[in-house]
Amino acid sequence: MDKLILVIDDNDQKNVIEELVREAEKQGINLMYRQFNVGSPDEPGLLTVGKIDVDKVKEAYKERFKNHGLKFNLIVCDWDLSDPNTDGAELLRRLDTECFNHKTPRILYSSLLREKLEEQLNKYDKDNDATKEPVIKYIA
């Protein structure tokens, strides 16, 4: 069974992905992937003044993937893209209608999951009176 995933990150994730490819192969899955590095100095054409330029990212996505008829079975995206104005969740939302099939599953990942969840919860708890720990423990 062939599966194609898109990995969106600001760092090269080849080593991690190659391990997933080997593990999938053991399960009889031919896992193929494409990396799309955004927010990285390795892709300066997708940045404006050091920040992710979503319009440029959309155009690059279309040029590299959509115009070639690639259809992904899964889209995975790093939550922390080294841009304080655009995290992975926001980037996926902004790319959604123009780039992705609405039925394609998406996964956000982060090595800083606990910190990112707390940061998001703090945005909605202005008085800082909510007990966040049960929510964070449930998710993280």
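Our subject is the structure that appears above.
Residues numbered from 1 in each chain as written. Predicted model: local features only at pLDDT ≥ 70, side-chain atom pairs only at ≥ 80, totals over all residues. Heavy atoms only, no water.

**Q** Any chance you could explain the overall build of the chain here in plain terms?
**A** If you tally the helices and strands in the chain, you get five helices and six strands. Relative to its 140 residues, the chain shows a buried fraction of 39%. Long-range pairs, those at least 24 residues apart, make up 66% of the contacts in the chain with a sequence separation of at least 6. (Helix = DSSP H or I, 4+ residues; strand = E, 2+ residues; numbered from the N terminus. Buried < 20%, exposed > 50% of the residue type's maximum accessible area, 1.4 Å probe, protein only. Contact = heavy atoms within 4.5 Å.)

**Q** Sorry if this is basic, but what is going on with the packing of helix α2 (residues 54–64) against helix α3 (residues 88–99) here?
**A** Packed helix pairs are characterised by how far apart their axes lie and by the angle those axes make with each other. Packing of α2 against α3 brings their axes to within 10 Å, and their N-to-C directions diverge by 45°. In terms of axis orientation, α2 runs oblique to α3. In the packing of α2 onto α3, the handedness of the crossing is right-handed. Taken together, the residues of α3 that come into contact with α2 (itself represented by V54, V57, K58, Y61 and K62) are L91, R94, L95, E98 and C99. (Axes fitted to C-alpha atoms, helices over the stretch in contact; angles between N-to-C directions. Parallel < 35°, antiparallel > 145°, perpendicular 65-115°, else oblique. Left-handed = near helix turned anticlockwise from the far one by under 90°.)

**Q** Explain unusual backbone geometry here, please?
**A** With glycine set apart, most residues show a phi of negative sign, and most peptide bonds adopt trans. With a phi close to 50°, V49 is a non-glycine residue in the positive phi region. Locating V49 in the fold gives a position in the loop between β3 (47–48) and β4 (51–52). Under the relative-accessibility criterion, V49 is labelled exposed at 79%. Located in the positive-phi region is S82, a residue other than glycine, with phi close to 60°.

**Q** What is the right way to read the sheet that holds strand β6 (residues 106–109) from this model?
**A** Whether parallel or antiparallel, the strands of a sheet pair through hydrogen bonds between backbone atoms. Judged by pairing direction, the sheet is parallel, and its four strands sit side by side in the order β2-β1-β5-β6 without closing on themselves. Strands with a single pairing partner mark the edges of an open sheet, and in this sheet they are β2 (30–37) and β6. Across this sheet, the average inter-strand angle for adjacent strands is 20°, counted without regard to direction. Relative to the sheet, helix α1 (residues 14–26) contacts β1 (2–9) and β2, its axis offset from that of β2 by approximately 165°. (Pairing = 2+ DSSP bridges.)

**Q** Just checking my understanding: could you explain the nonpolar core for this structure?
**A** Most often, soluble globular proteins keep nonpolar side chains buried together rather than apart. Counting residues in each nonpolar core, the largest one holds 22 residues, and the members touching the most others are L6, I8, F36, V38, L91 and F100. Once residues lying within four places of it in the same chain are set aside, the contact partners of F36 are L6, V7, I8, D9, L46, V57, A60, Y61, R64 and F65. One finds V7, V21, A24 and Y33 within the second-largest nonpolar core, a separate group that totals eight residues. (Core = buried A, V, L, I, M, F, W, Y, C linked by side-chain atoms within 4.5 Å.)

**Q** In this structure, what is going on with the packing of aromatic side chains? I would like to understand it.
**A** Centre distance and the angle of the planes are the two values used to describe a pair of aromatic rings. Counted according to the given criterion, the structure contains five aromatic pairs. Both rings, one in Y61 and one in F100, keep their centres 5.3 Å apart while their planes meet at 90°; by these two values the pair is edge-to-face. Here Y61, found in helix α2, pairs with F100, found in the loop between α3 and β6; they are 39 residues apart in sequence, far enough to count as distant. Grouping residues by exposure puts Y61 and F100 together as buried. (Phe/Tyr/Trp six-rings, centres within 6.5 Å; stacked < 30°, edge-to-face > 60°.)

**Q** Please explain the pattern of salt bridges as it appears in this structure.
**A** A side chain with one charge may pair with a side chain of the opposite charge, provided their charged atoms come close. Scanning the entire structure with this criterion turns up eight salt bridges. Taking the shortest distance from any N to any O, the salt bridge between E23 and K26 comes out at 3.2 Å. Of the two residues, E23 and K26 both sit in helix α1, three residues apart, roughly one turn of that helix. (Salt bridge = Lys/Arg side-chain N within 4 Å of Asp/Glu carboxyl O.)

**Q** How should I be thinking about α2 in this particular structure?
**A** Each turn of an α-helix holds 3.6 residues, which means side chains three or four residues apart point in the same direction. Looking only at α2, the buried set comprises V54, V57, K58, A60, Y61 and K62. In the core, the buried residues of α2 are packed alongside β1, β2, β4 and α3. The backbone nitrogen of D55 has a side-chain oxygen 3.2 Å away, supplied by the residue at the start of α2, namely D53. (Polar contact = N/O pair within 3.5 Å; in protein donor to acceptor, adjacent residues only side chain to side chain.)

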